[in-house]
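Summary of the model geometry
Listed here are the chains, written in short residue letters.
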Amino acid sequence: MKEQSLNIERRSATTTPSPGVRHTVEVAKLIDISKCIGCKACQAACMEWNDIRDKIGTCEGTYANPADLSAGSWTVMRYAEVETKDGRLEWLMRKDGCMHCADPGCLKSCPAPGAIVQHSNGIVNFQQENCTGCGYCITGCPFNIPRLSPDDHKAYKCTLCSDRIATGMEPACAKACPTGAIMFGSKKAMLHHAEGRITDLKERGYRQAGLYNPAGVGGTHVMYVLPHADTPELYSGLAKDPQLSTLVLFWKGIAKPLMGYSLGLAVLTGIFHYVTVGPNEADEDETEE
Amino acid sequence: MNSNSTLLQRHTPQVRANHWFVVIAFTLVALSGLAFFHPAFYFLSNLFGGGPWARILHPFAGVVLFLAFLLLVARQWRHNRITAADRQWQQQMMAIMMNRGHDLPEIGRYNIGQKYLFRTLLVMIPLLFLTGIVIWQPYFAPEFPIGVVRLAVMTHAIVAFIAMISIIVHIYAAYWTKGAIRGMIRGTVTAAWAKHHYPGWYKEMTKGRE
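Residues numbered from 1 in each chain as written. Chains lettered and ligands numbered in written order. Predicted model: local features only at pLDDT ≥ 70, side-chain atom pairs only at ≥ 80, totals over all residues. Heavy atoms only, no water.

With that settled, consider the interface of chain B and chain A. The partner chain A presents 50 residues to the 45 residues of chain B that form the contact. Approximately 4,100 Å² of surface area, both sides summed, lies buried where chain B meets chain A, with 66% of it carried by carbon and sulfur atoms. If you sort the residues of chain B by the area they bury against chain A, Phe-37, Arg-150 and Tyr-172 of chain B come out on top, with a joint share of 14%. Where chain B meets chain A, there are zero salt bridges. Seen at the junction of chain B and chain A, the total is 14 residue pairs in polar contact (both at pLDDT 80 or more). Those elements that provide at least two residues to the side of chain B that touches chain A are helix 1 (13–37), helix 2 (51–76), helix 6 (146–176) and helix 8 (191–197) of chain B. For the side of chain B that touches chain A, the leading source of residues is helix 6 of chain B, giving 16 residues. Considering only residue class, the side of chain B that touches chain A consists of 30 nonpolar, eleven polar and four charged. (Contact = heavy atoms within 4.5 Å. Buried area = accessible area lost by both parts, 1.4 Å probe. Salt bridge = Lys/Arg side-chain N within 4 Å of Asp/Glu carboxyl O. Polar contact = N/O pair within 3.5 Å; in protein donor to acceptor, adjacent residues only side chain to side chain. Helix = DSSP H or I, 4+ residues; strand = E, 2+ residues; numbered from the N terminus. Nonpolar A, V, L, I, M, F, W, Y, C, P; charged D, E, K, R; others polar.)

Structure below.
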């Protein structure tokens, strides 16, 4: 298996520690929106490297092609024509795909042991051979990323090219990007690089420029440099403050163990009631009244 | 005079068949559902041929359970009205559970615990059906907004838990009350049993015979 060369930090639906003695550097992909020209080379490279081919779709009124993520399109360029606060029209582009959250909602929701893993370098990966196709990852994801394949009923999304990274290569999208808008390296290096980019953007008049590395999901291993970081929604609805849904947290946090133990307790209560109090028997010799 | 060993018909063959059909469906749904509820129960998915098969079969078994349960409800509806005697009986529930019940009110065909079970399932099973539809992949779930799916998935788990606890209590109560299971398998109970547990029903059944 390709993932054996990467260390596992967390496994879905697993209550014992994951194999984790090897410490690997936390990696990150930094997508500098200000450098993106929307050419979709990243999409083409993703298809090429991962051997995925989506069905031919239809035009939805933007340059987006395909219109949405799918089991066959793990990254999609999104285009939005927006009027900014100062009354200017801007054509904002964003490469959409898995953010590789430090606190992944998909992994927390997944009921199948090992169907979703988080590697110690930060990559969140779906292991389709363990996937049952229940779609709980979709329920748990705050970014609307995972997609079930209509063909094999398994969930798919960006792997951050874990198979390339395991052998010391950068992700295919980063390799293909002609403007250097997609960078890849250690998370520390990417944070440092982003700082310089943001200073530069601010000097050029983008006063609200900033880094998108949302704390609500523990930070992400795919980060954006946004010229309008105060309003990420402008970029085709990028969540301003993504959080794991409280419903999902309650379901998978408190409810799961509490209800599990309660069921066991109910059975034990029955057994011990029976062996202490004894059965409820009608006296067959009871006389007629 | 009736002898204590005279047999009284407690459940008709139709009710028994319906009940055990519901039992089979509930068992399949509960075991496959538990597999997805907590990793400790995931091994149960092997009973169904692995995770994907458990996931595929669970909702279909759920629909079968829902329909069979509705039929059972229709058959048993009229026996589940709560009476004043039931309320009195409930006040002595602790004593009954400790096998120290005496001078109990003359309750009818079912006791209030059974009637509560009936009501609980009457709410829970349709709720499981509805929330189950909302989270059913790949057929229906994509049609609902994500917020609705999240609410449904949590509600489904909580409601299923309540239903399973209720059923555990139901199974134990039936096992604890010697002779009750016979009433649902063979359909008959002894007169002494009926007189002891359901004196009101006993009177009704033996009226005019003496």
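A few words on the sheet that holds strand 10 (residues 210–212) of chain A. Strand pairing in a sheet is mediated by backbone hydrogen bonds. Such pairs are either parallel or antiparallel. Residues and elements named next belong to chain A. In spatial order, the strands read 9-2-11-10; together these four strands make up an open sheet with mixed pairing. Single-partner strands in this sheet number two, and they are strand 9 (182–186) and strand 10. Taken over all neighbouring pairs, the strand axes of this sheet differ in orientation by 25° on average, direction set aside. Pairing between strand 2 (residues 27–32) and strand 11 (residues 222–226): four bridges, direction parallel. Bridged to Ile-31 within strand 11 is Tyr-224. Contacting strand 2, strand 9, strand 10 and strand 11, helix 6 (residues 187–203) runs over the sheet at an angle of about 135° to strand 9. (Pairing = 2+ DSSP bridges. Axes fitted to C-alpha atoms, helices over the stretch in contact; angles between N-to-C directions.)

Residue and element names in this part refer to chain B. At their nearest, the axes of helix 1 and helix 2 sit 8 Å apart, and the two run at 150° to each other. When the axis of helix 1 is compared with that of helix 2, the two are roughly antiparallel. Here the hand of the crossing between helix 1 and helix 2 comes out left-handed. Counted by class, the contact of helix 1 with helix 2 contains 16 nonpolar, nine polar and two charged residues. (Parallel < 35°, antiparallel > 145°, perpendicular 65-115°, else oblique. Left-handed = near helix turned anticlockwise from the far one by under 90°.)

Our next topic: the sheet that holds strand 6 (residues 124–126) of chain A. All names here are of chain A. The three strands are arranged 1-5-6 in an open sheet whose pairing can be described as antiparallel. The open sheet has two free edges, formed respectively by strand 1 (8–11) and strand 6, since each of these has just one partner strand. Averaged over all pairs of adjacent strands, the angle between their axes in this sheet comes to 30°, without regard to strand direction. Two strands pair when backbone bridges link them, and strand 5 (residues 116–119) and strand 6 are joined in this way by three bridges, in the antiparallel orientation. Along strand 6, the bridge assignment pairs Val-117 with Asn-125.

This brings us to the packing of aromatic side chains. On inspection of all chains with the given rule, the structure shows 17 aromatic pairs over all chains. Both rings, one in Trp-136 of chain B and one in Tyr-139 of chain B, keep their centres 5.8 Å apart while their planes meet at 80°; by these two values the pair is edge-to-face. Both rings, one in Trp-193 of chain B and one in Tyr-198 of chain B, keep their centres 5.5 Å apart while their planes meet at 45°; by these two values the pair is tilted. Using a relative accessible area of 3% as the deciding quantity, one classes Trp-193 of chain B as buried. One aromatic cluster is present, built from ring pairs that chain together Phe-60, Trp-136, Tyr-139 and Phe-140 of chain B. Positioned over the ring face of Trp-251 of chain A is Lys-252 of chain A, at 4.4 Å from the centre of the ring. Note that Lys-178 of chain B overlies the ring of Tyr-175 of chain B, its terminal NZ or CZ placed 3.7 Å from the centroid. (Phe/Tyr/Trp six-rings, centres within 6.5 Å; stacked < 30°, edge-to-face > 60°. Buried < 20%, exposed > 50% of the residue type's maximum accessible area, 1.4 Å probe, protein only. Lys NZ or Arg CZ within 6 Å of the ring centre and 35° of its normal.)

Residue and element names in this part refer to chain A. Along its sequence, chain A is organised into domain 1 (2–242) and domain 2 (245–279). Centre-to-centre, using C-alpha coordinates, domain 1 lies 39 Å away from domain 2. In this assembly, six residues from domain 1 lie in contact with four residues from domain 2. Carbon and sulfur atoms make up 67% of the surface buried where domain 1 meets domain 2, a total of about 430 Å² over both sides. Applying the counting rule to domain 1 against domain 2 returns one residue pair in polar contact (both at pLDDT 80 or more). Counting residues per element, the ones that place at least two in the side of domain 1 that touches domain 2 are helix 2 (105–109) and helix 3 (136–140). Here the side of domain 1 that touches domain 2 gets three residues from one element, more than from any other, and that element is helix 3. (Domains from an automatic or database assignment.)

Relative orientation and spacing of two packed helices are given, respectively, by the angle between their axes and the distance between those axes. In the contact formed by helix 7 (residues 246–277) of chain A and helix 6 of chain B, the axes pass within 10 Å of each other and the chain directions differ by 0°. Classified by the angle their axes make, helix 7 of chain A and helix 6 of chain B are roughly parallel.

Turning our eyes to something else, we now look at the pattern of salt bridges. Inspection of the entire model under this criterion finds 13 salt bridges over all chains. Among the salt bridges present, the one from Glu-106 of chain B reaches Lys-203 of chain B, with a minimum N-O distance of 3.0 Å. Remark: Lys-203 of chain B occurs in helix 9 (residues 199–206) and Glu-106 of chain B occurs in the loop between helix 4 (93–97) and helix 5 (112–134); sequence separation between them is 97 residues. Taking the relative accessible area as the measure of exposure, Lys-203 of chain B reaches 47% and is therefore partly exposed. Bridged by salt links that share partners, the residues Asp-68, Arg-78, Arg-94, Asp-96 and Arg-147 of chain A form one connected network.

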